[in-house]
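Fold and geometry: a report
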Amino acid sequence: MQSRQQQPRPAEAGPEQFRLLVEAVKDYAIFLLDPEGQVISWNPGAERIKGYTADEIIGQHLSRFYEPDDVAAGLPAELLARAAAEGRYQARGWRVRKDGRRFYAQVTLTALFDSAGDLSGYAKITQDMTAEREAERARRDREYQLAEAQAVARLGSFEWGLASGQVTWSPELCRILGLDPEACHGTLDGLLERIHPDDRAGAAATLRRAATEGTSFRMQARILRPSGEPRVLSCWGNVTRDEQGRPSRVLGVCQDVTDWRQREEELVEAQAQAELSRRLQSGLLPSLSLPDPALELQTRYRPGHERALLGADFFDALELADGTAALLIGDVAGHGPVEAAVGVALRSAWRALVLTDHGPGELLDGLDKVLSRDRQSEELFATVCCCWISPGRDRITVALAGHPPPLLVRAGRVEAVEVAGGPALGIYDQPYPWEAGQLEADGPWTLLCYTDGLVEGRSAPGSVERFGIDALEATVAELLASTGGLQEMLDRLLDVVHQANGGDLSDDLAILCLSRAAGGGHG
């Protein structure tokens, strides 16, 4: 009976068994090189990976597997030398298959020495890592794209492991919180510390309820960056469960909506301002008509491009009980709701004064008092032009307060009305004796009233000279001769003024135009 010490040892693997093992490997290229780097053995894995049969490659140099640039740079010889010097060398890089296709390889090159210590060759193991490399590149690309998408959308994420209690945050969430990414980990309490004290309890309750019940959540909370800057976060997420169906992780997404909230507030404010502007504008520039069929009334308005606020040009027209037609056009200096509100007040006051039979002097004096009462600055003033057309439509009364004179078109001639003009409203502290002038207007005529935006723009693109009243007279005369009616003439006039200003207006302009047909008169 043999003792344990005398039990036979397992037989050692012989050369034939090792050969069989190497030939059975299909996922690795395993082959031998002689000391000069020529292939002297070749396994099936090498044939599968590199594409050569043993008959094709044995006796060929190692450089056959390298790209031309690597061969020219002496890389194969360098690898052999390093393996001989160090005993073993590992590297990764691009290699070439028989058909010319490239693959990414993990290479281990081991120097072999005989019993005398002389180099007898090399053993080389090559693994095709192309798929793994592509998978890793795709993973990095996805991570980069996710990080970029989160940065663009200001969208961060966090994960709360319920078993460990640990919370990890994405780099973008760290940026949103104003923290170094290295500091973006910890417990739920650490995350909650970043939330504004007034919102912290509600956020904690929402997250803990979701973790306990395993439900999704949505909330909005303010956070405080280390600098003290507040930001508004919109957060939502869900809970994942383990194999037993118990809540295991809370996954959340947080988006910085501070700027959106601000834009929403600004939009609401802008909409409120727009509605105010619309109401004020309708109070300044109403749709007008007169019942007398012998009178054609046309209005036009164009805002100036340089202003971002509401204009303050205004106009109005009424027909009185005795048939008199009354016209008003005016301009409050400046732009904005304050100036527009003054314009609305002046127009309302004008209506009241006209309907109560106040003459030109009393009317302008009353408007002056209204402006002085309603304006917020003593520097604010307004210009107005008031006209009365008699019931017979043959006499026109004009009163001016700092306003450019209207044009009167009759008998083929266009002339600026010559009447005495007084100062603009709001200029003098004491009452001013405004006067009015009368014009005889038999037959058909057209009265063109306007604000100074029509004549104070440039005379031509790039010019420093004003368009002026003389050019206005000439332009109206030319257009009346070449157009088919009052509407076309006014539209063409606006086009001419736009072109003279290079396509834009430097100030608002309003036009109130009244035309009497031939033989027209109030019955």
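Residue positions are counted from 1 within each chain, in the order its sequence is given. Under the rules for a predicted model, residues below a pLDDT of 70 receive no local features and side-chain atom pairs below 80 are neither given nor counted, while totals for whole chains, interfaces and linings still include all residues. The basis for every side-chain value is the complete set of heavy atoms in the structure, and neither hydrogens nor water enter the calculation.

Okay, the packing of helix α11 (residues 337-355) against helix α12 (residues 360-374) next. Relative to each other, α11 and α12 sit at 150°, their axes nearing to 9 Å. Considered as vectors, α11 and α12 are oriented roughly antiparallel to each other. Two packed elements cross with a definite hand, and for α11 against α12 that hand is right-handed. Packed against α11, whose contacting residues are Val342, Ala345, Leu346, Ala349, Trp350, Leu353 and Val354, the element α12 presents Leu363, Gly366, Leu367, Val370, Leu371 and Asp374 at the interface. Whenever a helix is involved, its axis is fitted only over the stretch in contact; in every case the axis is a line through C-alpha atoms, and angles between N-to-C directions fall within 0 to 180 degrees. The numbering of helices and of strands both runs from the N terminus, where a helix is a DSSP run of H or I of at least 4 residues and a strand a run of E of at least 2. When an angle is under 35 degrees it counts as roughly parallel; over 145 it counts as roughly antiparallel; between 65 and 115 it counts as roughly perpendicular; any other value is oblique. The handedness criterion is simple: a crossing whose near helix is rotated anticlockwise from the far helix by less than a right angle is left-handed, and one whose near helix is rotated clockwise is right-handed. Working rule for contacts: check all heavy atoms of both residues, and any pair within 4.5 Å makes them a contact.

This part is about helix α13 (residues 468-482). The span expected for a helix works out to 1.5 Å for each residue beyond the first. When the terminal C-alpha atoms of α13 are compared, their 21 Å separation across 15 residues agrees well with the 21 Å that a helix rising 1.5 Å per residue should span. Burial classification: accessible surface area is computed with a 1.4 Å probe over protein chains only, and a residue below 20% of its type maximum counts as buried, one above 50% as exposed, and the rest as partly exposed. Of all the residues in α13, the buried ones are Leu472, Glu473, Thr475, Val476 and Leu479.

Let us look at the sheet that holds strand β3 (residues 102-113). The pairing criterion for strands is at least two bridges between them, as found by DSSP. The strand order β1-β4-β3-β2 describes an open sheet built from four strands, whose pairing is antiparallel. Of all strands in the sheet, those with a lone pairing partner are β1 (29-33) and β2 (88-96), marking the two edges. With direction set aside, neighbouring strand axes in the sheet form an average angle of 25°. Of the pairings in the sheet, the one linking β2 to β3 comprises nine bridges and is antiparallel in character. By the bridge assignment, Tyr89 is partnered in β3 with Leu109. With respect to the sheet, helix α5 (residues 75-86) is in contact with β1, β2, β3 and β4 (119-128), its orientation differing from that of β2 by roughly 165°.

Looking now at a nonpolar patch on the surface. Patch membership requires more than 30% relative accessible area and the absence of a salt bridge. Residues of like charge join within 9 Å; the nonpolar side chains Val, Leu, Ile, Met, Phe, Trp and Tyr join within 5 Å. Using the Shrake-Rupley algorithm and a 1.4 Å probe, accessible areas are obtained, with residue cover drawn only from the displayed protein chains. By definition here, a salt bridge exists when the distance from a side-chain nitrogen of Lys or Arg to a carboxyl oxygen of Asp or Glu is within 4 Å. Side chains of Phe381, Ile427, Tyr428 and Tyr432 sit close together on the surface and give an oily, nonpolar patch of about 360 Å² of accessible area. The topology assignment puts Ile427 in the loop between β18 (421-422) and β19 (437-440).

Glancing now at the packing of aromatic side chains. Only rings of Phe, Tyr and Trp enter the pairing, Trp through its six-membered ring, and a pair is recorded when the two centres are within 6.5 Å. The plane angle decides the type: under 30 degrees is stacked, over 60 is edge-to-face, the rest tilted. Throughout the structure, instances matching the rule amount to seven aromatic pairs. Ring centres of Phe31 and Trp42 lie 5.0 Å apart, and the angle between their planes is 50°; on these two criteria the pair is classed as tilted. Pair noted here: Phe31 is in strand β1 and Trp42 is in the loop between β1 and α2 (44-50), with a separation of 11 residues, a long-range link. Accessibility expressed as a relative area gives 1% for Phe31, which makes it buried. Of the aromatic side chains, those joined through ring pairs into one cluster are Phe31, Trp42, Tyr52 and Phe65. Here, over-ring charges are defined by two tests on the NZ atom of lysine or the CZ atom of arginine: distance to the ring centre within 6 Å, and angle to the ring normal within 35 degrees. Over the face of the ring belonging to Phe65 we find Lys50, whose NZ or CZ atom lies 4.2 Å from the ring centre.

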